[in-house]
Amino acid sequence: MERNDTYEEMYARLHKLARQYPQFIHLESIGISHDNREILALTMGNPRKVLFCTAGIHGRETINPVILIQIMEEYAHAYQIDLPVPGHPYSIRELLWEYGICFVPLVNPDGYEIASRGFGQIQNLRLRQNLRIQNIPSREWKGNARGVDINRNFPCRSYQPRNPGDSPASENETAALIHLFQIYDSVGYVDFHSRGKIIYYYRHAMSGTYNSYSQRLAKYLQDLSHYEIAKMEDEFLTLYSGGNSVNYYSEVLKKPALTVETVEESASFPLQAKYYQETYKEIQYIPLGILAQIIADAEETL
């Protein structure tokens, strides 16, 4: 992993995985971006009850989508040869026979292509012209092809319009993720972002019981990744920090929703290739480990 995969290369890797392991992998298109790119979700294991894992909501955070695909490839191989789940009393095949992990490695393909390869990757001329006049370097681009920050676009209590005419769930990418959350029964959600090597668990709109359990899960993820855990007051750093996917998921589904920020705070954009292997080692067991931990906790309460 010495460079960012293009959208087309990631698309091809996901389809290759689905062809290689049709017995336990299901690949589906959950929506189309504003510049006509498919948003793909890959479910590994039993789709009846899943853990959601997403990345690439912000265009410039180009490390996590590629790493999440590498994690999927490693998990598929581990499932096939029936390796154990680290730190848990069952195998990966046993775990994913009963539960699944639904990965959306690139929620915002247009933003990713802008940050990776420039505004010229936007095929729609009107959209491309509107983006260029915003005077933001392509490598710093967070939003989608319409210039909207998807992670401020979810219809939850903390949503705030940032510009005249803004409305919640206005974007294709937001709608695709909301629909996915609605059609699958799930046990939790982990959203991967960059930067800071920090885990956010606290949800202001949720109860003390909810946040206590989420904090417990965050400490488990800290053991896996050695990242810091954010303070409660860090959830909303500004008035416009809300409206994100984890706020929406926690309020609507009432299940744990954690944000994992990879790479160091001082990292500059575009993110350097040196972060790939380092970050992969830090987060490779998070999806599998958090699913196993949630299941173990649920079994203890029975």
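Now for a look at the structure at hand. (Residues numbered from 1 in each chain as written. Predicted model: local features only at pLDDT ≥ 70, side-chain atom pairs only at ≥ 80, totals over all residues. Heavy atoms only, no water.)

## A word on the sheet that holds strand E3 (residues 50-54)
Piece 1. Pairing is mixed in the open sheet, where eight strands are placed in the order E1-E2-E4-E3-E5-E8-E6-E7. Two strands in the sheet have a free side with no partner beyond their single neighbour: strand E1 (25-32) and strand E7 (228-229).
Piece 2. Pairing of E3 with strand E4 (residues 100-104) involves five bridges; the strand directions are parallel. Looking at E4, one finds that Phe 52 is bridged to Cys 102. (Pairing = 2+ DSSP bridges. Helix = DSSP H or I, 4+ residues; strand = E, 2+ residues; numbered from the N terminus.)

## Notes on the environment of Tyr 200
Piece 1. Relative to the helices and strands, Tyr 200 resides in strand E6 (residues 198-200).
Piece 2. Distance in space between the C-alpha atoms of Tyr 200 and Ser 225 is 13 Å, their sequence separation being 25 residues.

## Comments concerning the packing of helix H2 (residues 63-81) against helix H9 (residues 275-283)
Piece 1. One can describe the packing of H2 onto H9 by two numbers: an axis separation of 10 Å at closest approach and a directional angle of 55 degrees. Relative to H9, the element H2 lies oblique. Crossing hand, H2 versus H9: right-handed. Contact residues: H2 offers Ile 63, Asn 64, Val 66, Ile 67, Gln 70, Ile 71 and Glu 74, while H9 offers Tyr 275, Tyr 276, Thr 279, Tyr 280 and Ile 283.
Piece 2. Along the lines of polarity and charge, the residues of the contact of H2 with H9 split into eight nonpolar, three polar and one charged. (Axes fitted to C-alpha atoms, helices over the stretch in contact; angles between N-to-C directions. Parallel < 35°, antiparallel > 145°, perpendicular 65-115°, else oblique. Left-handed = near helix turned anticlockwise from the far one by under 90°. Contact = heavy atoms within 4.5 Å. Nonpolar A, V, L, I, M, F, W, Y, C, P; charged D, E, K, R; others polar.)

## Brief notes about unusual backbone geometry
Piece 1. Omega for the bond connecting Phe 269 with Pro 270 falls within 30 degrees of zero, at 0 degrees, which places this linkage in the cis form.
Piece 2. Relative to the helices and strands, Pro 270 is located in the loop between strand E8 (257-262) and H9.
Piece 3. Despite not being glycine, Val 263 shows a phi value in the positive range, around 60 degrees.
Piece 4. In this fold, Val 263 is placed in the loop between E8 and H9.

## Some remarks on H9
Each α-helix winds once per 3.6 residues, and so residues spaced three or four apart point in a common direction.
Piece 1. Burial in H9 covers these residues: Tyr 275, Tyr 276, Thr 279, Tyr 280, Glu 282 and Ile 283. Buried residues of H9, viewed axially, fall in a sector of 165 degrees; they line one side.
Piece 2. Those residues of H9 that are buried lie in contact with H2, strand E5 (186-194), helix H7 (208-225), E8 and helix H10 (286-301). (Buried < 20%, exposed > 50% of the residue type's maximum accessible area, 1.4 Å probe, protein only. Arc of directions from axis to C-beta.)

## Quick look at the nonpolar core
Piece 1. Among the nonpolar cores identified, the biggest contains 64 residues, and Ile 25, Leu 42, Met 44, Phe 192 and Ile 290 are the most heavily contacted of them.
Piece 2. A per-element tally of this core places H2 first, with 11 residues.
Piece 3. For Leu 42, the contacting residues outside a window of four places in its chain are Leu 14, Leu 17, Ile 25, His 26, Leu 27, Met 72, Ile 101, Cys 102 and Phe 103.
Piece 4. With 25 residues, the next largest nonpolar core counts Ala 41, Ala 176, Ile 178 and Phe 181 among its residues. (Core = buried A, V, L, I, M, F, W, Y, C linked by side-chain atoms within 4.5 Å.)

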